[in-house]
There are 2 protein chains.
Amino acid sequence: MSSSVATQTKPGRYHHGDLRNALLDAARELASEIGVDNFTLREVARRANVSPAAPYHHFADKRDLTRALAIEAFSKLTTALSNAKHKKHSPLEQLEQVGIAYVMFAFEHLAEFRFMFRRELCAEEGDFDPLETAGINAQAVLHNTVLEAQNAKQIIAENPQDIVITLWSVVHGLSCILLESPLSKTTTAKSAKNMAKSVVQLSIQGILAHRE
Amino acid sequence: MSSSVATQTKPGRYHHGDLRNALLDAARELASEIGVDNFTLREVARRANVSPAAPYHHFADKRDLTRALAIEAFSKLTTALSNAKHKKHSPLEQLEQVGIAYVMFAFEHLAEFRFMFRRELCAEEGDFDPLETAGINAQAVLHNTVLEAQNAKQIIAENPQDIVITLWSVVHGLSCILLESPLSKTTTAKSAKNMAKSVVQLSIQGILAHRE
DNA sequence: CAACAGAACTTGACATTGTTTAGATTCTAG
DNA sequence: CTAGAATCTAAACAATGTCAAGTTCTGTTG
């Protein structure tokens with residue numbers, strides 16, 4: 001998307017034009033090729049055709065670059081969840097859609113997903129942390145849907161936070177398993193979606209207001 | 001435990017005695033201090049009082065060392081789950097215990113837990129992978145309990161694999177959230193256990209055989 | 001018991017990495 | 001047009017993963 005735009009700005013020039021985004025694009029690409037853990041800042045710079053020190057004019061250090069990617073990924077996730085939600089009208093159906101969308105986002109944005117949940121990227125205690133708020137925003141989509149489903153008496157009136165955590169846990173857990181477990185080497189997008197659906201439906205069963 | 005034994009074998013000698021275990025101990029310790037991602041092989045060697053090249057006589061490379069830690073951690077998890085299970089007799093109660101034990105294991109063995117789920121540690125497709133079997137063993141505890149609960153007609157007769165994945169997802173997801181999310185900086189063991197209990201109970205609600 | 005084979009280490013080296021410092025180049029206000 | 005800020009390069013540093021070549025120990029065999 002923005003990658004083609006950002007990366008190819010006047011190759012010969014001294015000033016790159018939009019190096020910050022070019023670096024982000026290169027990092028995303030590199031991480032999806034060789035893994036989030038062994039990607040190097042120097043190679044990112046190399047791919048953007050700049051010197052190894054150039055990134056330091058746009059990011060404090062390597063950690064700061066990956067943090068920017070994580071924030072960006074969280075905001076993508078937020079819109080993905082929000083889009084999925086608004087495909088349905090009933091809060092209960094929305095709950096299901098949001099859950100499935102979470103897993104599919106992880107499946108489709110593998111590399112970015114791995115950037116998102118890393119304790120070491122967070123700011124120090126007390127500092128304002130944009131990464132933290134990005135995460136909270138994503139979670140808010142689920143949280144609101146739970147509240148709406150409760151208001152519509154479609155699910156039990158238990159402490160909403162407990163319900164949010166349960167649902168978030170189950171979709172996040174499935175995502176991690178799909179991405180990291182060796183069991184899942186052969187998983188296709190279709191079977192991932194089926195698993196997501198079945199897991200989400202089973203979880204929702206436990207919080208339904210009317211037991212048939 | 002074994003650390004004190006393994007680490008302190010005749011400090012002056014050329015041959016360490018049990019360097020392999022000493023390295024594993026040092027790596028575990030170091031990882032829990034500075035994180036799984038930035039721990040270095042050289043520092044591990046330093047702590048075991050050997051040269052930087054010494055580890056290569058016991059492990060193929062850094063990855064191989066961490067793989068050994070992951071396998072070891074999986075086997076610890078297996079016994080933790082198994083112990084938790086056998087505290088109760090009813091399969092349904094066992095299911096709950098196993099779920100809670102999973103989360104508590106993650107909480108108490110933070111560093112080791114982070115070693116366990118990393119795709120890059122797996123062997124190549126087709127090769128026999130001890131890490132994979134270690135993971136399967138741990139999952140088997142949950143799997144068996146689900147089967148037993150189904151046989152006892154305590155939970156629905158749905159495809160057992162779906163139920164296993166749902167339960168595994170929810171406890172794994174909660175574990176990841178507790179460990180990686182910035183939201184959880186202040187979580188105590190007690191509140192972790194409470195969350196685990198509530199999340200597991202809600203999930204089990206969805207698969208109960210008798211809906212009152 | 002002696003000598004030898006192999007295992008367990010060390011030394012020293014290499015390419016690569018993250019990061020810093022100093023300097024060069026280009027852009028942009030005034 | 002020009003000063004100063006923004007953006008980049010070049011060169012260097014310590015540290016890392018890893019390897020090849022030696023060194024020292026240990027157990028086995030004659």
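Throughout, residues of each chain are indexed from 1 in the direction in which the sequence is written. All chains are assigned letters beginning with A, and all ligands numbers beginning with 1, in the order in which they are written. The predicted origin of the model limits local features to residues at a pLDDT of at least 70 and limits the giving and counting of side-chain atom pairs to 80 or more, whereas totals for whole chains, interfaces and linings rest on all residues. Only hydrogens and water are set aside; all other atoms, that is, all heavy atoms of the structure, feed into the side-chain values.

**Quick notes on the overall build of chain A**
Strands are runs of DSSP state E lasting at least two residues, helices are runs of H or I lasting at least four, and both sets are numbered from the N terminus onward. A tally of regular secondary structure across chain A gives nine helices and zero strands. Note on exposure labels: buried denotes an accessible area under 20% of the residue type's maximum, exposed denotes more than 50%, and partly exposed covers the range between, all computed with a 1.4 Å probe on protein chains only. Looking at chain A as a whole, 49% of its 212 residues are labelled buried. We call two residues in contact when some of their heavy atoms are within 4.5 Å. When contacts within chain A are restricted to residue pairs at least 6 apart in sequence, those whose partners lie at least 24 apart make up 66%.

**Examining the interface of chain B and chain A**
Where interface size is quoted, it is often the accessible area lost as the parts come together. Each partner contributes to the interface: chain B provides 44 residues, whereas chain A provides 44 residues. Defined here as a combined quantity, buried area equals the accessible surface (1.4 Å probe) lost by two parts on assembly, summed across both. Where chain B abuts chain A, roughly 3,600 Å² becomes buried across the two surfaces, and 59% of that area is made up of carbon and sulfur atoms. Here, a salt bridge means any Lys or Arg side-chain nitrogen found within 4 Å of an Asp or Glu carboxyl oxygen. At the surface where chain B touches chain A, the tally comes to two salt bridges. Side-chain atoms alone can form a polar contact between residues adjacent in sequence; in general such a contact is a pair of N or O atoms within 3.5 Å, and within protein one must be able to donate a hydrogen while the other accepts it. At the junction of chain B and chain A, the tally comes to five residue pairs in polar contact (both at pLDDT 80 or more). When contributions to the side of chain B that touches chain A are tallied by element, the ones reaching two or more residues are helix H7 (130–151), helix H8 (160–180) and helix H9 (189–205) of chain B. Ranked by residue count, the leading element in the side of chain B that touches chain A is H8 of chain B, at 15 residues. Asp, Glu, Lys and Arg are counted as charged, while Ala, Val, Leu, Ile, Met, Phe, Trp, Tyr, Cys and Pro are counted as nonpolar; the rest, among them Gly, fall into the polar class. By residue class, the composition of the side of chain B that touches chain A is 20 nonpolar, twelve polar and twelve charged.

**Things to note about unusual backbone geometry**
Positive phi outside glycine occurs at Asn49 of chain A, with the angle close to 60°. Look at Asn49 of chain A and you get exposed, because its relative accessible area is 71%.

**Focus on the relation of the copies chain B and chain A**
With an RMSD of 0.0 Å, chain B superimposes on chain A once it is rotated by 180° and translated 0.0 Å along the axis. Classification of the inter-copy transformation places it as that of a two-fold axis. Same-surface contact between copies: 100% of interface residues of chain B are shared with the interface of chain A. Copies overlap after least-squares fitting; the atoms used are the C-alpha atoms of residues with pLDDT of at least 70 in both.

**Examining the packing of helix H5 (residues 91–108) of chain A against helix H7 (residues 130–151) of chain A**
Residue and element names in this part refer to chain A. Only C-alpha atoms enter the line fits that serve as axes; for helices the fit covers just the stretch in contact. Angles between N-to-C directions range over 0 to 180 degrees. Between H5 and H7, the least distance of the axes is 8 Å, while the angle of their chain directions is 155°. It follows from the interaxial angle that H5 and H7 lie roughly antiparallel. Where H5 crosses over H7, the two elements pack in a sense that is left-handed. Contact residues: Pro91, Gln94, Leu95 and Val98 in H5; Val141, Leu142, Thr145, Val146, Glu148 and Ala149 in H7. For the contact of H5 with H7, a count of residues per class yields seven nonpolar, two polar and one charged. Working definition: roughly parallel below 35 degrees, roughly antiparallel above 145 degrees, roughly perpendicular at 65 to 115 degrees, and oblique for all remaining angles. The crossing is said to be left-handed when, going from far helix to near helix, the turn is anticlockwise and less than a right angle, and right-handed when the turn is clockwise.

**Structural notes on the environment of Val171 of chain A**
All names here are of chain A. Following the sequence through the fold, Val171 ends up in helix H8 (residues 160–180). Assessed through its relative accessible area of 6%, Val171 is described here as buried. Note: C-alpha distance between Val171 and Val200 (29 residues apart in sequence) is 7.3 Å.

**Observations regarding the confidence of the model for chain A**
Caution is warranted with low-pLDDT regions, since their predicted coordinates should not be read in detail. Per-chain confidence: chain A averages 89 in pLDDT, with 90% of residues scoring 70 or above. Taken as a whole, residues 1–12 of chain A scores under 50 in pLDDT and shows twelve contacts with residues more than four places along the chain or in a different chain. A score between 0 and 100, pLDDT records how confident the predictor is in each residue.

**Overview of H8 of chain B**
Residue and element names in this part refer to chain B. Any helix carries an expected span of 1.5 Å times its number of residues minus one. Taking 1.5 Å of rise per residue, 21 residues should cover 30 Å, and H8 covers 30 Å from first to last C-alpha, within 8% of that figure. Counting buried positions along H8 gives 18 out of 21 residues, so the element sits mostly inside the fold. If you check the start of H8, you find a side-chain oxygen 3.0 Å away from the backbone N of Gln161, and it comes from Asn159.

**A word on the nonpolar core**
Leu95 of chain A together with Leu95 of chain B are the most contacted members of the largest nonpolar core, which totals 132 residues. When sequence neighbours within four positions are dropped, the list of residues in contact with Leu95 of chain B reads Leu142, Thr145, Val146, Ala149, Ile155, Leu167, Ile204 and Ile207 of chain B. Note on terminology: a nonpolar core comprises buried Ala, Val, Leu, Ile, Met, Phe, Trp, Tyr and Cys residues joined through side-chain atoms within 4.5 Å.

**Topic: the environment of Val141 of chain A**
Residue and element names in this part refer to chain A. Tracing the backbone through its elements, the reader meets Val141 in helix H7. Exposure remark for Val141: the relative accessible area of 11% places this residue in the buried category. Here the alpha-carbon distance between Val141 and Val98, two residues 43 residues apart in the chain, equals 8.2 Å.

**Thoughts on the packing of helix H5 (residues 91–108) of chain B against H9 of chain B**
All names here are of chain B. Where H5 contacts H9, the axes come no closer than 9 Å and their chain directions differ by 140°. By the criterion of interaxial angle, the relationship of H5 to H9 is oblique. For the pair H5 and H9, the sense of crossing is right-handed. Here H5 contributes Leu92, Leu95, Glu96, Gly99, Ile100, Val103, Met104 and Phe107 to the contact with H9, which in turn contributes Ala189, Ala192, Lys193, Ala196, Lys197, Val200, Gln201 and Ile204. A class-by-class count of the residues in the contact of H5 with H9 yields eleven nonpolar, two polar and three charged.

**Re a positive patch on the surface**
All names here are of chain A. In this analysis, a patch consists of residues with relative accessible area above 30% that form no salt bridge, clustered at 9 Å for like charges and at 5 Å for the nonpolar side chains Val, Leu, Ile, Met, Phe, Trp and Tyr. Accessible surface is estimated by sampling points in the Shrake-Rupley manner with a 1.4 Å probe; for residues, cover comes only from the protein chains shown. Charge assignment in this entry is limited to Lys and Arg as positive and Asp and Glu as negative, and neither His nor the chain termini are counted. Each charge is placed at NZ for Lys, CZ for Arg, CG for Asp and CD for Glu. A cluster of basic residues, Lys87, Lys88, Lys193 and Lys197, forms a positive patch on the protein surface. Counting through the fold element by element, Lys87 comes out in the loop between helix H4 (62–85) and H5. For Lys87, a relative accessible area of 65% corresponds to the exposed category.

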